[in-house]
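Structural features, examined
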Amino acid sequence: MNTTTSLTAKEPDFRNEFTANQTAPAEQLEPDFALIQLDTTFVTLLSEISALEYHQVDSQDSRSAENVRADEASRTQKIESVLARLTPVERAIMTTPAQTIVGLGIKARHAAYVVSEHWDVPIDQMEWDARAVRLLIEAICKLAGVPLPLLTVRTMPLFDGLRTSPL
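This section reports on the structure supplied with the text. Bear in mind the structure is a predicted one, so any value in this text is a computation, not a measurement.

Considering helix 5 (residues 101-114)
Its 14 residues give helix 5 an end-to-end C-alpha distance of 20 Å, which sits within 8% of 20 Å, the value for a rise of 1.5 Å per residue. Taken together, the buried positions of helix 5 are occupied by Val102, Gly103, Gly105, Ile106, Ala108, Arg109, His110, Ala112 and Tyr113.

As for the packing of helix 5 against helix 6 (residues 128-144)
Between helix 5 and helix 6, whose axes approach to 8 Å, the crossing angle comes to 140 degrees. On the basis of the axis angle, helix 5 is oblique to helix 6. For the crossing formed where helix 5 meets helix 6, the hand is left-handed. Seen from helix 5, the contacting residues are Ile101, Val102, Leu104, Gly105, Ala108, Arg109, Ala111 and Ala112; seen from helix 6, they are Ile137, Ile140, Cys141, Leu143 and Ala144. Tallied by class, the residues present in the contact of helix 5 with helix 6 amount to 11 nonpolar, one polar and one charged.

Focus on a nonpolar patch on the surface
Together, Ile101, Leu104 and Leu143 line one region of the surface with nonpolar side chains, adding up to about 210 Å² of accessible area. Structurally, Leu104 is set in helix 5.

Focus on helix 6
Across its 17 residues, helix 6 extends 24 Å between first and last C-alpha, which sits within 8% of the 24 Å expected from 1.5 Å per residue. Of the positions making up helix 6, those classed as buried are Ala130, Arg134, Ile137, Ile140, Cys141 and Ala144. Looking straight down helix 6, one finds that the buried residues subtend no more than 135 degrees of arc, so they occupy a single side. For helix 6, the exposed residues set more than 90 degrees away from the buried face come down to Trp128, Leu136 and Lys142. Elements in contact with the buried residues of helix 6: helix 5. A positive backbone phi angle near 75 degrees is found at Gly145, which sits one or two residues after helix 6.

Calculation criteria
Residues numbered from 1 in each chain as written. Predicted model: local features only at pLDDT ≥ 70, side-chain atom pairs only at ≥ 80, totals over all residues. Heavy atoms only, no water. Helix = DSSP H or I, 4+ residues; strand = E, 2+ residues; numbered from the N terminus. Expected span 1.5 Å × (residues − 1). Buried < 20%, exposed > 50% of the residue type's maximum accessible area, 1.4 Å probe, protein only. Axes fitted to C-alpha atoms, helices over the stretch in contact; angles between N-to-C directions. Parallel < 35°, antiparallel > 145°, perpendicular 65-115°, else oblique. Left-handed = near helix turned anticlockwise from the far one by under 90°. Contact = heavy atoms within 4.5 Å. Nonpolar A, V, L, I, M, F, W, Y, C, P; charged D, E, K, R; others polar. Patch = residues over 30% accessible without salt bridge, like charges linked within 9 Å, V, L, I, M, F, W, Y side chains within 5 Å. Areas by Shrake-Rupley, 256 points an atom, 1.4 Å probe, with all protein chains shown as cover. Salt bridge = Lys/Arg side-chain N within 4 Å of Asp/Glu carboxyl O. Arc of directions from axis to C-beta.

Just geometry here; none of it tells us what the structure is for.
Structure below.
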C-alpha cells in the first residue's frame, strides 16, 4: 500500500448539490414547504423595509423641514407596521423544524438577520464567538444555496430602535 496516498486528505466538496441554474426538485423541498413559504414572506417584508429606508435617503432634498418631518413620521409608521407583520413570521421560522438543507439555510438566513451586527465589522476584527457564529451562518447559507439577507436594513439610522420587543 502506498502510504503517501493513504495519508493525503481529500478536500471536502462544500458546494450545493444543485448548480446556480438548477433548482431542487419539488419533492425534495416538500418537507420544508412551510419554511419556504415563511422565507418568501420574510424576504418580501425585508424588501419593503429596505425600500422605505432607501426612499428616506433619496428624499432628503430641499423641501421644508416640516414636510421632511411629516414624511419621516409617515415612513416610521410604515416601517413599524411592516415590523409588526415581520415578528410572527420570524417566530414561525424559529419554531418550524428544518427537514432539508434548504430549510436549514432559511433558518440560517433568519439568524443572520437577527445577529446582523456580526457583519458590521471586518471578520478579522471580530471577537472569536461572533466570528464563529458568522462563519457558521455563512457556511450553511452557502451550502444551502440561500443568499444572506439585506443586512444593511438593520444598520440604517431610521431602523435603529424600532424593534422594541424581543422575538
